[in-house]
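For reference, the chains in residue letters:
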Amino acid sequence: MWDDAFPSFLIGLREGLEAGLIVSILVATLVRGDAKSRLPQVWTGVLAAIALSMSFGAVLTFTAANLSATAQEAFGGTLSVVAVAFVTAMVFWMRRSARNLSGEIREKVTAALAMGGGMLILTSFLAVGREGLETALFLWTTARAAGESGGPLAGAAIGLVLAAGLCWGLYRRVLKINLSRFFTVTGAVLIVIASGVLGYGLRDLQEGGVIAGKTAYAFDLSAHIDAGSWYAALLQGVLNLTPAMTWLQVAAYVGYLAIVMTLFVRGLRKPAPAPVSKKASEAPAAEAPTAEPTAAETAPASAPDLTAAPAPASAPNPAPVPAVTAVPARTRTRTRTRSRPVWLLPAAVVAIPAVIGGLVVAFGDGKPAGAQTVAVSPTECGKGFSAPKPGRRTFSMRNTGDKASEVYLINPATNAVYGEIEGLAPGTTRDLVATVGSGEYAWRCVPTSGKAVTSASVRVSGGSTTKAVLPLAASELQPPLASYRTYVNTGLGTLVGQTGTLTADLAAGDLTAARADWLTAHDTYSALGAAYGTFADFDAKINGRKDGLPGGEKDPSFTGFHRIEYGLWHGESAASLRPLAVRLGADVAGLRKAFPTQDFDPSDLPLRSHEILENTLQFELTGDTDEGSGTNLATANANLAGTKELLTVLRPLITRRDPRQLALIDADIARLQRLLDGAHKGAAWTPVGSLDAAARATIDGATGQLLEDLAPVPDLLEIRKSA
């Protein structure tokens, strides 16, 4: 999308043009100095700088991908702030240096020519490498902010291609651009964009727990602004302004914009320093206030040689006096007589790192430096483990036993878990990555159908405190499970009476009452969401869909609430629907009788906290299950009620492990509840298909955010064996 692509397009265009101007000046200086044979050295440095920049971007991506979700937020937030600092410095540097850029680079090239080929390679590498690293960092930051969108990469590619075309036009004197004005305008726009990146980075640091104030919102307009609308996408993609922002984000955004933009504009009003006096024939066009820095400086090879000044006519035995240090004749001659292809050195600079990397992958053991190999078995649990240094560490866990095993890195005093691997097969090795801080650490090996074994512990000092997950025994889920069983039993008893009322309505031929009582009964059933997995075949009979049935709505296997819904809202008679209601009542009664004896795995409770609303987003908020009543939002509301009930019984366990996560979930639930209440007018619900695009996107977004914050609950409440 263009809104995601524009910031990257601008940085690609600006940084690409800046790097292109530098390369053009490097090339033109050598061409004018009759040193074309030294051009391969320039291209070697340029290619090496490009390779370094691409490698830097790959390292950032790989590093972030191997971090935990919280660490990714902290890592990304830190780099976003660093990127803002680099971009700010770049904007002010170019504003100050644009007029004298060609002169500065020409002086560096002159000095490099006198010192040899290696220095010329280094000069071009450093000149282009800085721009490349800045570009890679900023592009990585904007790409991360855009999530899965390919817009940033597309925008950067377009900007770089356009910059290359502009540089070629300037070099060939086809184009004339006022570069001072260009860098001024783009600098002002980049300051605005950077203020948004700063706010986004600080939000990431809050999400990563580095900075406080994660829930201290300055405003939350999510209920009033469609996050999927074009204007919201534009504001978020270009300016990183979101419907909900914390006080820290707002303060940073406004403060950075006010201070930096003021300094930038104030600097523009200062008179430019007078250029160094030069002969008219030597002064580059870049030093004139309205000319482009490279239009004259990057003339083609046929341009007059300005690298040497003629001697005065009155001097005896006149000899040229170089204005810059010329390449010695013998050196030039020796360079021309070499048979080495000009492309050999640049190709080697790019190929050698690739070959070395390939050899490392092919013959290396794949372990990060300093990784420990730790044995996992009942007899050797923890063998090879020694006190690691604080920080993010990788442990190669090898199962040396004869049974599949689970293994946990724990605090032996509290049994809190820092990292884990499940299902480690005999004879296999897998990496376990964990952040190690100050404290006691040990390994717990839990073989299948075997007794848990805990290794000797080690003490780590010098690091900060590391967050761990308290273990959860199956017995701790029994009280919540008992409470939830009682809730379901009560709900099924209510449902039996409600389906009886529905049947009586149809027997009396009262279709109006039947429609109202159908919705009441269906909402009651939908609120029992966490028990769906234990209802066995009853769920398909009571609340099955027509999907996949050969006869569709008329298929004999299509029964239950949705079949009756179709008939009630498609003109079928009460008499034809009464047998379906009778069958529904019988199925509900059968479920109520069977439920107390059905298995309910305690570990299903934490999973269902997330899965209920996953189904809601997939089926109800798409209108996929609507058979004519237009009450999908009523079902979504009932599913939300079921989720709240489930969280009520799990709340004590979650509070012990992560009360901050629970606070986020509560806020998300309240927000979604307000949105659903807004679609409920009296006894009527707005059909999903009748919602305007903004309202629908807002409800979808609120549900998605709630799902995201519910996602950690199953991990927090995963049953783990203890010794």
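Residues numbered from 1 in each chain as written. Predicted model: local features only at pLDDT ≥ 70, side-chain atom pairs only at ≥ 80, totals over all residues. Heavy atoms only, no water.

Asks: So what about the pattern of salt bridges? Which residues, and what values?
Replies: Using the criterion set out here, one finds twelve salt bridges in the structure. Ionic pairing is found between glutamate 572 and lysine 554, a salt bridge with its closest N-O pair at 2.9 Å. Of this pair, glutamate 572 sits in the loop between helix H15 (561-568) and helix H16 (574-594) while lysine 554 sits in the loop between helix H14 (538-543) and H15, and the two are 18 residues apart along the sequence. Aspartate 604 is the partner of arginine 608 in a salt bridge, and the nearest nitrogen-oxygen pair spans 3.9 Å. One end of the pair, arginine 608, and the other, aspartate 604, are both in helix H17 (residues 604-620), four residues apart, so they sit about a helical turn from each other. When sorted by exposure, arginine 608 lands in the same class as aspartate 604, which is buried. Three or more residues joined by partner-sharing salt bridges are found here, namely Glu476, Arg656 and Arg657. (Salt bridge = Lys/Arg side-chain N within 4 Å of Asp/Glu carboxyl O. Helix = DSSP H or I, 4+ residues; strand = E, 2+ residues; numbered from the N terminus. Buried < 20%, exposed > 50% of the residue type's maximum accessible area, 1.4 Å probe, protein only.)

Asks: How would you summarise the confidence of the model for the chain if you had to cite specific residues and measurements?
Replies: Of the residues in the chain, 67% reach a pLDDT of 70 or more, and the chain-wide mean stands at 75. A low-confidence stretch, residues 276-340 (pLDDT under 50), is modelled with 98 contacts involving residues beyond four sequence positions or located in other chains. Overall, residues 342-350 carries pLDDT values under 50, and its contacts beyond four positions in sequence, including any with other chains, amount to ten contacts. (pLDDT = per-residue confidence, 0-100. Contact = heavy atoms within 4.5 Å.)

Asks: Can you tell me about the nonpolar core, naming the residues and giving the values?
Replies: Core analysis: the largest hydrophobic core is formed by 62 residues, its most contacted members being Ile542, Phe561, Ile564, Leu633, Leu650, Leu706 and Leu717. Per-element accounting of this core gives the leading share, ten residues, to helix H18 (residues 632-657). For leucine 706, the residues in contact, after removing those within four places along its chain, are Leu613, Leu640, Ile665, Asp668, Ile669 and Leu672. By size, the runner-up hydrophobic cluster in this structure holds 19 residues, among which are Phe385, Val407, Ala434 and Tyr441. (Core = buried A, V, L, I, M, F, W, Y, C linked by side-chain atoms within 4.5 Å.)

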